[in-house]
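Geometric and topological summary
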Amino acid sequence: MSYKQRAVSGIVWALWQQLSSKVVSFGISIFLARILEPSQFGLIAMLYLFISVGNSLLDGGLTASLIRTTDADQRDYSTVFYFNIIGSTFLYLLLFLTAPLIAAFYHQPLLTSVVRVYTLILIINAFFGVQSTLLVKELKFKKQTNIQIPSAIGGGILGIILAKLGYGVWSLVWMGLCTSFLSTAIHWITSKWRPALIFDKACFKKHIHFGYKMTLSGLIDTVYQNIYLIIIGKYFSATQLGYYSRADSISQLPISNISAAINKVTYPMFAEISNDPVQLKNVYKRLMQQVVFWNAPALILLSVIARPLFHILLTDKWLPAVPFFQLLCIGGIMYPLHSYNLNVLKVMGQSALFLRLEIIKKVLSVVGILLFIPFGIYGLLYFQLFFNVIAYYINSIYSGRLINYPVTEQVKDILPTVALAGSIGLCCYFLDRLLINDFFIPTMQIGILFIVFIGVYYSASLLIKLSAIKDFNQLILKR
């Protein structure tokens, strides 16, 4: 199988792995959102930063180094395993002691006990980090799917039962812990790898030398990704944060899944062909076009049908989240390409440049966020939309230089797809406002807009002969 075929096939499997488990989690979250109040989701959203930072410290650099190391053996895997266990325990103890400070920062006394229980997830997740890395390195995304789905279902069932019984925010806490525990158990049952009693200092130094820069980059990115949750949680109500976090989580269904699938496939694949810039550019270009071809219309369509979608799925108590959701969808069109560009830097061994770019982008972003706080949540969201474009431009400048694929050429390759999806979305928006909204129930409204959008988009793609639709037809449909 050629690299192009492996790339597209790998992304399809990775997307299936991501989407299948996330769709299950999404369905469970819909049930919970109909039972619980927005403020209860807001309380959990206040902790996303700490969980994400913990996972970034444990997963970011050393995991990337293991994937990049072609001759990794038992010494490498065991060393990383024990580091993850020790590190996660230390992080948990730190969070346990600082829980009252976190609660005081958000003016939410309940957070003290919630932090001390919920962050146990960090220790549980550390036990399957190496097994999960092995699956990614071997591109075994189907096996990952078979692990994630039952874990999500088991945790979700517990969460729904507890929510029905009136446990409120604690139903979300115990759901998260149960999901992590099940995922750990299934990883150990299905994986043949077991840690040996080895902690090799030389291996640790080798991985940490590459990994600490990636870890710092991951930490910076994690703090940035959660900075809106921090600011909204600090300066606005838990209910407003609940609206924002729910809008963000639904918009992330296509955004984060496509981005995660791209990361899982492109990093090990780019590593294989990093010594051939011509082939790397060719694979890079085709995958970028595929990403935009699917991501742009999905997010634009979601923004068009947002109001009836929230009405059906979450009930009218969540309708204030609709404008947040629409802006987040538009802003997320370019997001998967960020990590896609950064993967080129990683496989080319440019971890120092990777870190420098992350610092530059995040400093610019924080300055912008501070300037836009006086304009409220909408000011922050409009800035987020604008900065996503700037971040893509910064990333693509340097990755483009490494593979002789300049920004102007990249933009030329993706602009037709974005323009097509945007123009069809705008037409559907006015069609809805002028004709459909007043005459059809929400379910029919969504159905009509979906059929019109997809039909016109696919037909127009064939008519103007987009490269992405030709690749899709040749490598997926014909196979």
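The rules behind each value
Residues numbered from 1 in each chain as written. Predicted model: local features only at pLDDT ≥ 70, side-chain atom pairs only at ≥ 80, totals over all residues. Heavy atoms only, no water. Helix = DSSP H or I, 4+ residues; strand = E, 2+ residues; numbered from the N terminus. Buried < 20%, exposed > 50% of the residue type's maximum accessible area, 1.4 Å probe, protein only. Contact = heavy atoms within 4.5 Å. Areas by Shrake-Rupley, 256 points an atom, 1.4 Å probe, with all protein chains shown as cover. Salt bridge = Lys/Arg side-chain N within 4 Å of Asp/Glu carboxyl O. Phe/Tyr/Trp six-rings, centres within 6.5 Å; stacked < 30°, edge-to-face > 60°. Lys NZ or Arg CZ within 6 Å of the ring centre and 35° of its normal.

Counting secondary structure elements, the protein chain contains 20 helices and zero strands. Within the protein chain, the fraction of its 479 residues that count as buried is 53%. If you take every contact in the protein chain between residues at least 6 apart in sequence, the share linking residues at least 24 apart comes to 83%. Of the roughly 20800 Å² of accessible surface on the protein chain, a fraction of 69% belongs to carbon and sulfur atoms.

This part covers the environment of Val-452. Residue placement: Val-452 occurs in helix 19 (residues 442-463). Expressed as a C-alpha distance, the spacing of Val-452 and Cys-428, which sit 24 residues apart in the sequence, is 7.7 Å. Setting aside its immediate chain neighbours within four residues, Val-452 contacts Cys-428 and Leu-431.

So, on to the pattern of salt bridges. Pairing between side chains becomes possible if they bear opposite charge and their charged atoms approach one another. Tallying each qualifying case throughout the model produces three salt bridges. The partner of Glu-37 in a salt bridge is Lys-317, and the shortest N-O contact between them spans 4.0 Å. A residue pair is termed long-range when its members are at least 10 positions apart, and Glu-37 in the loop between helix 1 (3-35) and helix 2 (38-45) and Lys-317 in the loop between helix 13 (306-314) and helix 14 (322-331) qualify at 280 residues. Its relative accessible area of 42% is what places Glu-37 among the partly exposed residues. Notably, a salt bridge pairs Asp-413 with Lys-285, separated by 4.0 Å at the nearest N-O pair. Of this pair, Asp-413 sits in helix 18 (residues 407-436) while Lys-285 sits in helix 12 (residues 277-304); the two residues are 128 residues apart in sequence, bridging distant segments of the chain. Asp-413 gets classed as buried once you look at its relative accessible area, which sits at 18%.

What follows covers the packing of aromatic side chains. Scanning the model with the defined rule gives 17 aromatic pairs in all. Consider the rings of Phe-105 and Tyr-106, whose centres lie 4.9 Å apart with planes at 85 degrees: the pair is edge-to-face. Ring centres 5.3 Å apart and planes at 35 degrees place the aromatic pair Phe-293 and Tyr-457 in the tilted group. Placement of the pair is Phe-293 in helix 12 and Tyr-457 in helix 19, with a sequence separation of 164 residues. Note on Tyr-457: relative accessible area 5%, which makes it buried. One aromatic cluster is present, formed by Phe-81, Tyr-82, Phe-127, Trp-188 and Trp-193 through successive ring pairs. Lying over the aromatic face of Phe-105, Lys-234 brings its terminal NZ or CZ to 4.6 Å of the ring centre.

By themselves, these are just geometric observations and shouldn't be taken as functional.
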